[in-house]
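Chain by chain, the residues run as shown.
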Amino acid sequence: MKFFIDTANLAQIQEAHDLGILDGVTTNPSLMAKEGIKGEAAILQHYKDICEIVGDGDVSAEVLSTDFASIIEEGKKLAAIDSNIVVKVPMIKDGVKAIKWFTDNNIRTNCTLVFSAGQAILAAKAGATYVSPFIGRIDDSSWDGVELIAQIAQIYSIQGFKTEILAASIRNALHIVKCAEAGADVCTCPLDSILGLLKHPLTDIGLAKFLEDAKKM
Ligand code: G3P
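Residues numbered from 1 in each chain as written. Predicted model: local features only at pLDDT ≥ 70, side-chain atom pairs only at ≥ 80, totals over all residues. Heavy atoms only, no water.

Asks: For this particular structure, what's the right way to read the environment of Arg108?
Replies: Examined against the element boundaries, Arg108 turns out to sit in the loop between helix H5 (93–104) and strand E5 (109–114). It is 25 Å that separates the C-alpha atoms of Arg108 and Ile194, two residues lying 86 residues apart in sequence. There is a polar contact of 2.9 Å between the side chain of Arg108 and the side chain of Asp58. (Helix = DSSP H or I, 4+ residues; strand = E, 2+ residues; numbered from the N terminus. Polar contact = N/O pair within 3.5 Å; in protein donor to acceptor, adjacent residues only side chain to side chain.)

Structural data, given as structure tokens:
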């Protein structure tokens, strides 16, 4: 399973990259706004800066338009920033149409705001590179987000769809483990959830004991 970080914060992206396990980055308009990125020039420059840190990994950059022609125009601009840019398109009618257009024109896509298996089938039919089910938000509405990942994984396997399942809206380290178990190809996580994987009290207790005993060596 690939590890992406779900942020537009350059320091956090650098920290995850320095850990040596980072395969890519996903952003969205909320995450960009949180970093205070405003205006087209600043947005394009910020994506450029992210691509520079990540090197070879994929960087999802989301379109802000919702009609077919504007999604295409915007997506072309984003894709021109760097060969690692993946154009993130919402799961709406014009979005599906645009994903098909991008697929036919060799521009990679990430279909976002996916909350059902039906939507995931449509995204795959349109040729999306990635599909992003938002598992945390599904959990928030009292459904099981991880179950959706497993269902999509089963459908894609039976049908031979090549679209990669990118589990998004991750809230904790357990989500990452459960998504790996359910067959996600990628998990995009906040830095805290990635670092949460490190933690186990027995590791801390064991290390303290080893360091104490090492003094006797
Ligand atoms: O990038 C999309 C997704 O990961 C958003 O997560 O926490 O806002 O539901 P969240």
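Back to the write-up after that little detour.
Asks: Honestly, the site of the ligand in this entry has me stumped. Any pointers?
Replies: All residues adjacent to the ligand are Asp6, Asn28, Lys88, Phe134, Arg137, Ala168, Ser169 and Arg171. Between the ligand and Asn28, the relevant distance is 3.0 Å, taken from an oxygen atom to a side-chain nitrogen or oxygen of the residue. Separating an oxygen atom of the ligand from a side-chain N or O atom of Ser169 is a distance of 2.7 Å. Protein coverage of the free-state accessible area of the ligand, which is 310 Å², stands at 82%. Taken together, the residues that form the shell around the ligand break down as two nonpolar, two polar and four charged. (Near = heavy atom within 4 Å. Areas by Shrake-Rupley, 256 points an atom, 1.4 Å probe, with all protein chains shown as cover. Nonpolar A, V, L, I, M, F, W, Y, C, P; charged D, E, K, R; others polar.)

Asks: What am I meant to see in a nonpolar patch on the surface here?
Replies: Side chains of Leu174, Val177 and Leu197 sit close together on the surface and give an oily, nonpolar patch of about 260 Å² of accessible area. Residue placement: Val177 occurs in helix H9 (residues 173–182). (Patch = residues over 30% accessible without salt bridge, like charges linked within 9 Å, V, L, I, M, F, W, Y side chains within 5 Å. Salt bridge = Lys/Arg side-chain N within 4 Å of Asp/Glu carboxyl O.)

Asks: Would you take a moment to explain the sheet that holds strand E2 (residues 24–26) for this structure?
Replies: The pairing of strands in a sheet comes from backbone hydrogen bonds and takes either a parallel or an antiparallel form. With parallel pairing, eight strands are arranged side by side around a closed barrel as E1-E2-E3-E4-E5-E6-E7-E8. Averaged over all pairs of adjacent strands, the angle between strand axes in this sheet comes to 30°, irrespective of strand direction. On the sheet, helix H3 (residues 40–54) packs against E2, strand E3 (58–62) and strand E4 (85–90) and is oriented at approximately 165° with respect to E3. (Pairing = 2+ DSSP bridges. Axes fitted to C-alpha atoms, helices over the stretch in contact; angles between N-to-C directions. Contact = heavy atoms within 4.5 Å.)

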